[in-house]
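A structural walkthrough
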Amino acid sequence: MIRRLGFIAALLLSLAVPARAQNRIIVRTTLGLQGLQGVCNALSLPLLPPACTVVGGLRDPLNQLFLVSTPLDPTTLLNLLGTVQGIVDAEIDQLISLLGPNVVPSPPPSGMISETPVPYFGTTVWNGYANQPAAQKVQVSNAHSPPFSVSGSGIVADIDTGVDPNHPALAGVLLPGYDFTRNQSGGSELTDFTDPTPSPCPSCPPAQVNQSSAAFLDQSSAAFLDTNPKYAAFGHGTMVMGIIHLVAPTAKLLPLKAFSSDGTGFLSNILQAIYYAVGNGANGINMSFDFPTSSPELASALDYASQSALICAASAGNDGQKADPGTGTGMVYPAALQNVVMGVASTTDLDTRSSFSNYGNAIVWVAAPGEAIVTTYPFSTYAAGWGTSFSAPFVSGGAALLLNRQAKTNESQAAAAIANADPLVPPDPDMGNGRLNLVKALTSLSPQDFTISAVPATSTINAGQPATYTVTLTPSGGFNQTVSLSCGGSPPASKCAITPSLVTLAGTNAATATVVVQTIARSAVPLAIPLRIRPLPPLVAVGVAYLLLWVASLFHFTFRRFGQAPCPRPGLSAALGLLAILLYSYSCGGGAAPGNSSSSQASQISFSLTLNPTSVNGGNPSTGEITLSAPAPGGGAVFSLSSSNTSVATVPPSVTISAGSTTAVFQVTTMTTASSTSVTISASNSGLTQTASLTVTPQPPTGGPTLTSLTFNPNTVVGGSPSVGAVTLSRPAPNGGALVTLSSSNPGVVTVPASVTIGAGATSASFPASTSSVTAPTKVTVGASYAGVKQTGSLTVTPPLPPGTPTGTYTLTITGTSGNLNHNTTVSLTVN
């Protein structure tokens, strides 16, 4: 696996030099945590420190991203890892700083804030905060007022130094967040503050308190913050959060602490924060930081966030440089990742570019005020800030307003709306689309929606015939989401199938689907009266038996009549005697003993074991199902479970099918694996064992979509009726589309195409499934395979259900659902 000998000299040289500090490397691998630690152990030499140590995972959805520490020179370890199969990529864990050039005027201008308390969306704030010039410039108040009346929705995450969780202005909207610098819950930046809390001093003059472009406005003890390097960026996160709240006061705020109060933070913590934001329901991410070195994993994380519809904004930096992609001068990240991030530059209140702001369309999408921005500061007070750090949250807050006006707004839609900005004075071609104007952005974003209709409005058929309707979905306002279709109100003994059941609209053109209601012909059903003979109590049975024997002997000879000799009747007496013997045997021991009936029945019940899916990526579960041929006896049926390879897949020790039931399910837990591994899962009961095979495959390469599901709608049909299958990928299909192969375990009952193609950029595709008539319910497994990953789905085919669909007129409701949008239309169906 490792070409070790070629690097042994380099290892000896590197390890012979005492390590001054542990270097940090971000590694993406398909080997899993244990496999990666095994690589580190294999790279190490006897009697010397380990070449590397796995610190832990970085929360990516594929569980492939890890942080390792090493005493080696980072380049040496990167070269070594590049030779190992299963290592996808690796990069240095950069140490990033919030601090930059000091851009605060010295001394800060006095008299720029009014401390008069005013109400603000359920809290009380300083007037200088709520009604400051920057808020008026971007039209915050007009966005909050009719005709828009939006004040923010969703969750905005801020990757920063944390927040003061006790600030009264932020009461009611702060979520707990997470501290990645300490790997603990809670995003408070006060965890870094160990000195006595300063006392307010309203009459004290303004004083600059740190190097992160902030000026304290109401503190008597600003000096110790100013001179203490460990507080060089203290308050930065609270200030940024305050600006987001100023613009979107009803949006929830999620503090993600990736930086310490000295302004430093590792790239690995930023990556964790991005994945945490996606996994915890954030709708946007604010990143008021920048650094000059690109990172493939940062690009991958933000691409994942964009695919999850998160809206991201980042500051353009305070170096006063023009970004030049050719030379790399002035290029900063993440602002340069313009496909998934809006870079934000700073302007003055006169709509000119701030002298300190970086510029250039390679990193700037839009500009926003960034000078003397009054905002919240720890210890329940306020400060003013200068820098692009305080321009970006105006855009992040604006994104929350867009979400309030149109749910499910994604990054590209938000960027297009925010591009409707005001030109600078004079116009500046290097400042993106101009200065943010919230009213223009909201006006450009027409609420997205769709309508649904169906033809014909009425349909008349005979029982046994299908009724077919065409459903039309029409988008408005650029609606480009997927609509899930369903139908209700179908007649009894009928099935409603929609093809396709998932329709993705492209924003302008209408799309159609077909609804088929399959009815069942009515037929005469023979009258069947179940007959069940219960045994008589033994005492009664003995008495009846003796009586029958006496009657038998009585009728064996008939008495003399009119002087004739008795006539033998052997046939009748024999029949009565036999009936007496059978009755006695059935009631007094011929049947099953009550105490042993359950066990004797259980020993006659067979069972089957199935897994769904039969192939999974390591780390993903599969579901096992045990099905009895008859209901479980009293007390239930206990099945012991086992796995042939517990290092790859594990199962519970046992599962019980309760009395009267026929099925039970259990979960198969899998672990990451470096190669495709087949595991046998076994279930045993009363000496009978059934097995099923599960294939555990490695996690797919970074960036590529994987097959996640195969479903049918409906999943139970009458033989001869169609169903619609759907295959789904974990992310959009690549250019050229994704070809998914299909197979049926019983082609004589269920027939599917050999393959279906998911179009480029789409995540799902549907395919038809035709069925044949059956005499008994038949469950057929359909398999799908793409890029080495297999998924299965089941379709149950049933015989016709007599007596068929009854006559009558029915109202069929066809419903389309997308997010919080729900529309329906009705049609009439008459069955003769």
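Before any of the text, the structure's been laid out above.
Residues numbered from 1 in each chain as written. Predicted model: local features only at pLDDT ≥ 70, side-chain atom pairs only at ≥ 80, totals over all residues. Heavy atoms only, no water.

1. A few points about the sheet that holds strand E36 (residues 688-697)
Spatial ordering of the open sheet is given by E29-E36-E35-E31-E33, a layout of five strands whose pairing is mixed. Only two strands of the sheet have a single partner each, and these edge strands are strand E29 (615-617) and strand E33 (654-657). For this sheet, the mean inter-axis angle between neighbouring strands, taken without regard to orientation, is 30 degrees. In this structure, strand E31 (residues 637-643) lies alongside E33, joined through four bridges in antiparallel fashion. Residue pairing for E33: Val 638 is matched across the bridge by Thr 656. (Pairing = 2+ DSSP bridges. Helix = DSSP H or I, 4+ residues; strand = E, 2+ residues; numbered from the N terminus. Axes fitted to C-alpha atoms, helices over the stretch in contact; angles between N-to-C directions.)

2. Quick notes on the pairing of strand E45 (residues 789-798)
Look at any regular strand and the pattern is simple: side chains alternate between the two faces of the sheet. Burial within E45 is extensive, with seven of its ten residues counted as buried. Note that strand E44 (residues 778-786) and E45 share nine bridges and pair antiparallel. Bridge assignment links Lys 779 to a residue of E45, and that residue is Thr 796. Linking two consecutive strands that pair antiparallel, namely E44 and E45, is a turn of two residues; a positive phi of about 55 degrees is found at Ala 787 within it. (Buried < 20%, exposed > 50% of the residue type's maximum accessible area, 1.4 Å probe, protein only.)

3. Things to note about the pattern of salt bridges
Scanning the model with the defined rule gives 13 salt bridges in all. Across the pair Asp 192 and Arg 182 runs a salt bridge, and its minimum N-O distance is 2.7 Å. Of this pair, Asp 192 sits in the loop between strand E10 (184-185) and strand E11 (207-208) while Arg 182 is found in the loop between strand E9 (178-179) and E10, placing the two residues ten residues apart along the sequence. Asp 192 gets classed as buried once you look at its relative accessible area, which sits at 13%. What emerges from the salt-bridge pattern is a single network uniting Lys 137, Asp 351, Asp 422, Arg 435 and Lys 440. (Salt bridge = Lys/Arg side-chain N within 4 Å of Asp/Glu carboxyl O.)

4. Side note on the environment of Thr 811
Inspection of the secondary structure assignment puts Thr 811 in strand E46 (residues 808-818). Sequence separation between Thr 811 and Pro 491 is 320 residues, and the spatial gap between their C-alpha atoms is 8.7 Å. Beyond its immediate sequence surroundings of up to four residues, Thr 811 is in contact with Gly 488, Gly 489, Thr 826 and Val 827. (Contact = heavy atoms within 4.5 Å.)

5. Looking at unusual backbone geometry
With omega at -10 degrees, the peptide bond leading from Val 425 into Pro 426 counts as cis. Note on placement: Pro 426 falls in the loop between helix H12 (411-418) and helix H13 (438-444). A cis amide bond links Thr 499 to the next residue, Pro 500, at an omega of -10 degrees. One non-glycine residue, Ser 380, adopts positive backbone phi at about 60 degrees. Topologically, Ser 380 is positioned in the loop between strand E19 (373-377) and strand E20 (381-385). Here Ala 493, not a glycine, exhibits a phi torsion of approximately 55 degrees, which is positive. Of note, Ala 493 is situated in the loop between strand E24 (482-488) and strand E25 (494-499).

These figures capture arrangement, not role.
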